Protein chains: 2
Amino acid sequence: MIDSPDLFKKLTLFPEPELREQIVMQGRIISAGQGDIIIREGQFLDFMPIVLDGLIRVYQEKEDREILLYYVGPQETCMMSLTSAYFDKESTANGMAMENSEILVLPARFISEWQLKFKSWNEFMIRTFSNRYNELLGSFTDVAFKSVQVRLMDYLHERSERDNTERIRISHQTLANELGTTRVVVSRILKQLEYENEVRLYRGAIQLITK
Amino acid sequence: MIDSPDLFKKLTLFPEPELREQIVMQGRIISAGQGDIIIREGQFLDFMPIVLDGLIRVYQEKEDREILLYYVGPQETCMMSLTSAYFDKESTANGMAMENSEILVLPARFISEWQLKFKSWNEFMIRTFSNRYNELLGSFTDVAFKSVQVRLMDYLHERSERDNTERIRISHQTLANELGTTRVVVSRILKQLEYENEVRLYRGAIQLITK
DNA sequence: GGGCTTGTGTATCATTTGATACCGTCAGAA
DNA sequence: TTCTGACGGTATCAAATGATACACAAGCCC
């Protein structure tokens, strides 16, 4: 059974009492360990996850490559599940827990129902769609027009801001998987950037040099 | 003044009488000639266009390159305007009429209002978001993982299906602008494909060879 | 016809990215 | 300690893509 007060301390987006009641009644909470796959490519989704704690990485695979789509943090949900649930399409991406995460799982059939009934739910949906779309559009333009080197630096700066540190803990392989390229390419470019005094390299970490 | 019976012959998605009344009252219809720019990058949008007749091409520019985002056909609308209208962001794309087009223009402030009031409008919005998102996701994966040659052939096959002909009327430059690359690259690849007996080339047209 | 624009073919060269292979180092497990 | 797997550096070669330049042909306007 869901502990309602505890849940709505973490999930503050939905003030309507009736909606809260519905969520408690229909949802369940699952825990995912770091590295657990939540959603797999090709899977049909009949549920919608909302992250309460933790972080989910959503990405695509192609043979031995990967590329990041987006992260899902607390109080956010995954686009895949929305479009998948509405039109009964299979997921075209994978979702993996990057930290130990707590996830509220709601049956798909409610997401359209609630959307007409509850203003806050409706706004949540639209905001999710809109934000994710803009985010993806940005990624698309970047991949289409920017070099790997530029995308790599952009990524490091973003991470630096997000984690609030100049020293980013990430391996070259993981970085390659975020950017959709290979480890060797990342190592080569990073070395070049080190010569150019943009970064300093450590085992398992990259230091951004601010000038 | 909008000719109501004529409008709803072209716009069949919204059966609710009250919604139809609203649309007639608040909307206006504009005509765009072939080549007219409807939406420009950086523009703040306070309206939402629904195409009645014709075709709008939505694309991004970067210096002397272009890349296609999507086409908007009859009874469809443009994502840009949705996200732009909801969160008061500027458009990050351009929209150009590819044919003489007739467009229903609705003030932005109604799109969220109607969405809670009218089921058909709500579905229209969600379907638009969902379809456009999936479409963009496909483009993203293609650009990230496929070669220009493969994307070029994919494009030709799509066009061939859409226009129902094996002979696609398009210049190499225009094709380059669809794919986000340059004319020379397109010419080179097409010539290669001609050697391989995949296509036959004409001035201003490309013939797909079906085997 | 003469001049102009658009479309196409192609050569050359540079840069970027990818693929493969090999080696040394580091850190933790056994 | 030794073994092992993850991590990173680097060399070599290939392929894809981009940039520039030039030539020629088709179609249109005058």
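Residues numbered from 1 in each chain as written. Chains lettered and ligands numbered in written order. Predicted model: local features only at pLDDT ≥ 70, side-chain atom pairs only at ≥ 80, totals over all residues. Heavy atoms only, no water.

A count of helices and strands for chain A gives eight helices and ten strands. Based on the C-alpha atoms only, the size of chain A along its principal axes is roughly 60 × 35 × 25 Å. With 211 residues in all, chain A has 51% of them scored as buried. In chain A, the share of contacts with a sequence separation of at least 24, taken over all contacts with a separation of at least 6, comes to 70%. Carbon and sulfur atoms form 47% of the exposed surface of chain A, whose accessible area is close to 10,200 Å². One finds the centroid of the 26 positive side-chain charges in chain A at a distance of 5 Å from the centroid of its 31 negative side-chain charges. (Helix = DSSP H or I, 4+ residues; strand = E, 2+ residues; numbered from the N terminus. Buried < 20%, exposed > 50% of the residue type's maximum accessible area, 1.4 Å probe, protein only. Contact = heavy atoms within 4.5 Å. Areas by Shrake-Rupley, 256 points an atom, 1.4 Å probe, with all protein chains shown as cover. Lys, Arg positive; Asp, Glu negative; His and termini not counted. Charge placed at Lys NZ, Arg CZ, Asp CG, Glu CD.)

Before going further, it helps to spend a moment on the protein's contact with DNA strand C. Around DNA strand C sit 19 residues in total, of which A:V148, A:T181, B:H172, B:R203 and B:G204 are the nearest. For DNA strand C, the fraction of atoms within 4 Å of the protein that belong to sugar or phosphate moieties is 52%. For DNA strand C, a base oxygen lies 3.1 Å from a polar atom in the side chain of A:R188. The separation between a phosphate oxygen of DNA strand C and a polar main-chain atom of B:Y202 is 3.4 Å. When residues of the surface near DNA strand C are traced back to their parent elements, those giving at least two are α8 (183–195) of chain A together with α8 (183–195) and β9 (199–202) of chain B. Of the residues forming the surface near DNA strand C, the biggest block, four residues, is contributed by α8(B). Considered class by class, the residues forming the surface near DNA strand C number six nonpolar, seven polar and six charged. (Near = heavy atom within 4 Å. Polar contact = N/O pair within 3.5 Å; in protein donor to acceptor, adjacent residues only side chain to side chain. Nonpolar A, V, L, I, M, F, W, Y, C, P; charged D, E, K, R; others polar.)

This paragraph deals with the packing of aromatic side chains. Under the counting rule described, the total for this entry stands at eleven aromatic pairs over all chains. Plain terms: the ring middles of A:W114 and A:W121 are 5.1 Å apart, the flat faces sit at 90 degrees to each other, and that makes the pair edge-to-face. Looking at A:W114, the relative accessible area reads 0%, which means it is buried. A network of ring pairs unites the aromatic residues A:F14, A:F110, A:W114, A:W121 and A:F124 as a single cluster. Here the guanidinium or amino end of B:R57 rests over the ring plane of B:Y59, the centre of that ring lying 4.6 Å away. (Phe/Tyr/Trp six-rings, centres within 6.5 Å; stacked < 30°, edge-to-face > 60°. Lys NZ or Arg CZ within 6 Å of the ring centre and 35° of its normal.)

Neighbouring DNA strand D are 19 residues, the closest being A:H172, A:R183, A:G204, B:V148 and B:T181. A share of 50% is what sugar and phosphate atoms reach among the atoms of DNA strand D within 4 Å of the protein. Here a phosphate oxygen of DNA strand D and a backbone polar atom of A:G204 are 2.6 Å apart. At a separation of 3.3 Å, a base nitrogen of DNA strand D approaches a polar side-chain atom of B:R203.

To continue, consider the interface of chain A and chain B. Of the residues lining the interface, 37 residues belong to chain A; the matching set on chain B comes to 37 residues. Each partner contributes to the roughly 3,600 Å² buried at the junction of chain A and chain B, and carbon and sulfur atoms together form 73% of this total. When residues of chain A are sorted by the area they lose upon contact with chain B, A:Y133, A:F140 and A:F145 head the list and together hold 23% of the total. Taken together, the links from chain A to chain B amount to zero salt bridges. Joining chain A to chain B, the criterion identifies four residue pairs in polar contact (both at pLDDT 80 or more). Listed by contribution, the elements that provide at least two residues to the side of chain A that touches chain B are β4 (56–62), β5 (65–72), α3 (79–87), α4 (109–117) and α5 (119–145) of chain A. Residue contributions to the side of chain A that touches chain B peak at 19 residues, all from α5(A). In the side of chain A that touches chain B, the residues fall into 19 nonpolar, eleven polar and seven charged. (Buried area = accessible area lost by both parts, 1.4 Å probe. Salt bridge = Lys/Arg side-chain N within 4 Å of Asp/Glu carboxyl O.)

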